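Next come the chains, spelled out residue by residue.
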Amino acid sequence: MEKAMTTSNVTSDIRRRLGSILRTKRTAKSLSQTALAQQVGLSRPTVAHIELGKQECGLEAFVRIARALDEQPHELLKRLVLHSAKLPKDPWAADFFSG
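What comes next is a walk through the structure. Worth saying up front: this structure is predicted, and the values here are computed from it rather than measured.

1. Some remarks on the overall build of the protein
From N to C terminus, the protein includes six helices and zero strands. Across the protein, helices and strands are ordered from the amino to the carboxyl terminus as α-α-α-α-α-α. For the protein, the proportion of its 99 residues judged to be buried stands at 33%. Considering only contacts within the protein whose residues lie at least 6 apart along the sequence, 60% involve residues at least 24 apart. Carbon and sulfur atoms make up 54% of the accessible area of the protein, which amounts to about 6,600 Å² in all.

The following block contains the structure:
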């Protein structure tokens, strides 16, 4: 029997998945958490907590991190939404990101 996804579970899953995407991009650029934190004006522990999904990443911080990783913020969000098998399917999101 599949466990129902609560709002808390979905939010937690989104944070973990986003953190994983950001960590993968950061390590691919051979950047340390400290170096990324300095570039975007955050502390190293904040970057670590975002990557672990323990802390929410605000929109401004997300955009600064994406740019520091030479990524387009919308492409990272697209990857998060479209490749999240555990999240409830949202036809709006698929239509929005397909264009």
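Read on, since the account is not over.
2. Considering empty space enclosed by the protein
Any empty space left between the atoms is revealed when a probe the size of a water molecule rolls over them. Under the defined criterion, the tally for this structure stands at one cavity of 30 Å³ or more. Of the volumes computed, that of the largest cavity is approximately 40 Å³. Considering the residues around the largest cavity, the lining is formed by L22, L36, V47, I50, E51 and I65. Looking at the lining of the largest cavity, the element that brings in the most residues is helix α3 (residues 44-51), giving three residues. Looking at the lining of the largest cavity, its residues break down into five nonpolar, no polar and one charged.

3. Topic: the side chain of T46
Relative to the elements of secondary structure, T46 occurs in helix α3. Residue classification places T46 among the buried residues on the basis of a relative accessible area of 19%. Polar contacts involving the side chain of T46 include one to the side chain of S43, which spans 2.8 Å.

4. Examining the packing of helix α2 (residues 33-40) against helix α4 (residues 59-68)
Here α2 crosses α4 at 120°, and the two axes come no closer than 9 Å. By the angle between their axes, α2 is oblique relative to α4. Here the hand of the crossing between α2 and α4 comes out right-handed. Along its contact with α2, which presents L36, Q39 and V40, the element α4 presents R64, I65 and A68.

5. Description of the pattern of salt bridges
It is possible for side chains of opposite charge to pair when their charged atoms get near one another. For the structure on display, the rule yields five salt bridges. Here E71 and K25 are joined by a salt bridge, their closest N and O atoms 3.4 Å apart. Here E71, found in the loop between α4 and α5 (73-82), pairs with K25, found in helix α1 (residues 7-28); they are 46 residues apart in sequence, far enough to count as distant. Take E71: its relative accessible area is 22%, and that puts it in the partly exposed class. Note that E51 is salt-bridged to R26, the shortest N-O span being 2.5 Å. Of the two residues, E51 sits in helix α3 while R26 sits in helix α1, which places them 25 residues apart along the sequence. Residue classification places R26 among the buried residues on the basis of a relative accessible area of 8%.

Quick notes on the rules
- Residues numbered from 1 in each chain as written.
- Predicted model: local features only at pLDDT ≥ 70, side-chain atom pairs only at ≥ 80, totals over all residues.
- Heavy atoms only, no water.
- Helix = DSSP H or I, 4+ residues; strand = E, 2+ residues; numbered from the N terminus.
- Buried < 20%, exposed > 50% of the residue type's maximum accessible area, 1.4 Å probe, protein only.
- Contact = heavy atoms within 4.5 Å.
- Areas by Shrake-Rupley, 256 points an atom, 1.4 Å probe, with all protein chains shown as cover.
- 1 Å grid on protein atoms, 1.4 Å probe; cavity = no way out; pocket = protein on both sides within 12 Å on 5 of 7 lines; lining within 4 Å.
- Points joined across faces, edges and corners; volume = space filled by probe spheres on them.
- Nonpolar A, V, L, I, M, F, W, Y, C, P; charged D, E, K, R; others polar.
- Polar contact = N/O pair within 3.5 Å; in protein donor to acceptor, adjacent residues only side chain to side chain.
- Axes fitted to C-alpha atoms, helices over the stretch in contact; angles between N-to-C directions.
- Parallel < 35°, antiparallel > 145°, perpendicular 65-115°, else oblique.
- Left-handed = near helix turned anticlockwise from the far one by under 90°.
- Salt bridge = Lys/Arg side-chain N within 4 Å of Asp/Glu carboxyl O.

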